[in-house]
Amino acid sequence: MTSTTRQRGRPKAFHDKTEQNTVQALDRALAVMEVVAQKPGLRLSELAEETGQATATLYRALTTLQTRGMVECDEMQQVWHIGAGAFQIGSAFLRRTNVVERSRAGMTRLMRETGETANLGVEMQDEVLFLTQVETHEAIRAFFPPGTRAPMHVSGIGKALLAWLPPAHVQSIILKRGLSAFTPHSLTDEAALRADLDQARARGFAIDDQERAEGMRCIAAPIFNVHGEPVAGISISGPAFRLSLTRSMDFGSMVREAADQVTAAIGGRCP
């Protein structure tokens, strides 16, 4: 009898990222998709400039992606946008976990009680990836479309996650990503950031005090898995003139309570 071994999800060379183990055409096409998603409404020539690809090569990639619904072309204006197919595939990421579903009620309640936009994000490749939000009805409000990324050291959710991550993990993120300044309030000194993270742990929530966008504040708390590891974060964000530091402290316990409720709902435990 001939024995067969079931193929696993990864080949032996999975961790080998050398050129022979990547598909160059696919890599270029995905790079095009990223630009189209980040800068919608560009013409072919503009996309070629952004991606550094030849126009003919780029057009072949775009038309291939278009047949799959990944991108769409506005024939009247001759500009490109991300397609519904990309949304459908991207939505599969949200189905990997029930954090989004379990967070929705708490986020809606936070928005109603604080009057500010509520957000949900996770760590992805040493950055914060925003998954969903519940927007306030105020005219001036924070807006983070799903899929938006942000450096962890200047994000409320990012700092909430960093505060409860192992020190070695935090050090790794700092070494790889650095501590760039986005506003005069950004924490670009490692000692200052670690002191801020210590304060966040002590009070139970983190504050982004105009560190990524001047005039905007954010209060965030982590969501933990069954091992007590931070896997996501809930936050509220709004303009500093409305979300003062005093109100931020008052709202912090509300944000932490919402995060703890999600932790319990997904079977996690607070450390």
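For clarity, every value in this text was computed on a predicted model and none was experimentally measured.

Draft legend 1. The layout of surface pockets, seen in detail. Approximately 1400 Å³ is the volume found for the largest pocket. In this structure, the largest pocket is lined by 31 residues; those nearest its centre are A37, A86, G90, P146 and G147. Mapped onto the lining of the largest pocket, the elements with two or more residues apiece are α1 (24-38), β2 (79-82), α4 (84-94) and β4 (127-134). Looking at which element gives the most residues to the lining of the largest pocket, the answer is α1, with 9 residues.

Draft legend 2. Region of the structure containing the nonpolar core. Of all hydrophobic cores here, the largest spans 25 residues; its most connected members are L110, L120, I219, I223, I234, I236 and V255. Residue assignment for this core shows that the elements contributing at least two residues are α5 (99-114), β3 (117-124), β4, β7 (216-224), β8 (230-239) and α9 (245-265). Ignoring anything within four residues of it in the chain, the contact list for L110 reads G115, A118, I234, I236, M254, V255 and A258. In this structure, F130, A160, L162 and I174 belong to the second largest nonpolar core, which totals 24 residues.

Draft legend 3. Quick look at the environment of W164. By secondary structure assignment, the location of W164 is in helix α6 (residues 156-164). Residues W164 and P230, 66 residues apart in the sequence, show an inter-C-alpha distance of 6.4 Å.

Draft legend 4. Highlighting the sheet that holds strand β5 (residues 149-151). With respect to topology, 6 strands assemble into an open sheet ordered β5-β4-β3-β8-β7-β6, the strand pairing being antiparallel. Of all strands in the sheet, those bounded by a partner on one side alone are β5 and β6 (206-209). Taken pair by pair, the neighbouring strands of this sheet meet at an average axis angle of 30°, ignoring direction. Bridging between β6 and β7 involves 4 bridges; their strand directions are antiparallel. Considered in β7, the bridge of A206 is made with A220.

Draft legend 5. Fine view of the confidence of the model for the protein. Confidence in the prediction of the protein, expressed as mean pLDDT, is 88, and 89% of residues score 70 or more. Of all helices and strands in the protein, the one with the weakest mean pLDDT is α4 (75), whereas α6 scores best (97). Contacts of residues 1-9 to residues separated by more than four positions or lying in other chains number 0 contacts, the stretch itself having pLDDT below 50.

Draft legend 6. Local environment of the pattern of salt bridges. All chains considered together, the criterion is met by 12 salt bridges. Note that E116 and R242 form a salt bridge whose closest N and O atoms lie 2.7 Å from each other. Of this pair, E116 sits in the loop between α5 and β3 while R242 is found in the loop between β8 and α9, placing the two residues 126 residues apart along the sequence. Note on E116: relative accessible area 0%, which makes it buried. Connected via shared salt-bridge partners are E116, E138 and R242.

Draft legend 7. Just the side chain of S248, in detail. Mapping S248 onto the fold places it in helix α9. Owing to a relative accessible area of 0%, S248 belongs among the buried residues under this scheme. Sequence-distant contacts of S248, that is, excluding residues within four places in its chain, are made with F205, I207, R217, I219 and L243.

Draft legend 8. Just the packing of aromatic side chains, in detail. Under the counting rule described, the total for this entry stands at 1 aromatic pair. Their ring planes at 75° and their centres at 6.1 Å tell us that W164 and F224 sit as a pair that is edge-to-face. Note that W164 is positioned in helix α6 and F224 in strand β7, a separation of 60 residues in sequence. Here W164 falls in the buried class, since its relative accessible area comes to 17%. Judged by its relative accessible area of 0%, F224 is buried.

Rules and cut-offs
- Residues numbered from 1 in each chain as written.
- Predicted model: local features only at pLDDT ≥ 70, side-chain atom pairs only at ≥ 80, totals over all residues.
- Heavy atoms only, no water.
- 1 Å grid on protein atoms, 1.4 Å probe; cavity = no way out; pocket = protein on both sides within 12 Å on 5 of 7 lines; lining within 4 Å.
- Points joined across faces, edges and corners; volume = space filled by probe spheres on them.
- Helix = DSSP H or I, 4+ residues; strand = E, 2+ residues; numbered from the N terminus.
- Core = buried A, V, L, I, M, F, W, Y, C linked by side-chain atoms within 4.5 Å.
- Buried < 20%, exposed > 50% of the residue type's maximum accessible area, 1.4 Å probe, protein only.
- Contact = heavy atoms within 4.5 Å.
- Pairing = 2+ DSSP bridges.
- Axes fitted to C-alpha atoms, helices over the stretch in contact; angles between N-to-C directions.
- pLDDT = per-residue confidence, 0-100.
- Salt bridge = Lys/Arg side-chain N within 4 Å of Asp/Glu carboxyl O.
- Phe/Tyr/Trp six-rings, centres within 6.5 Å; stacked < 30°, edge-to-face > 60°.

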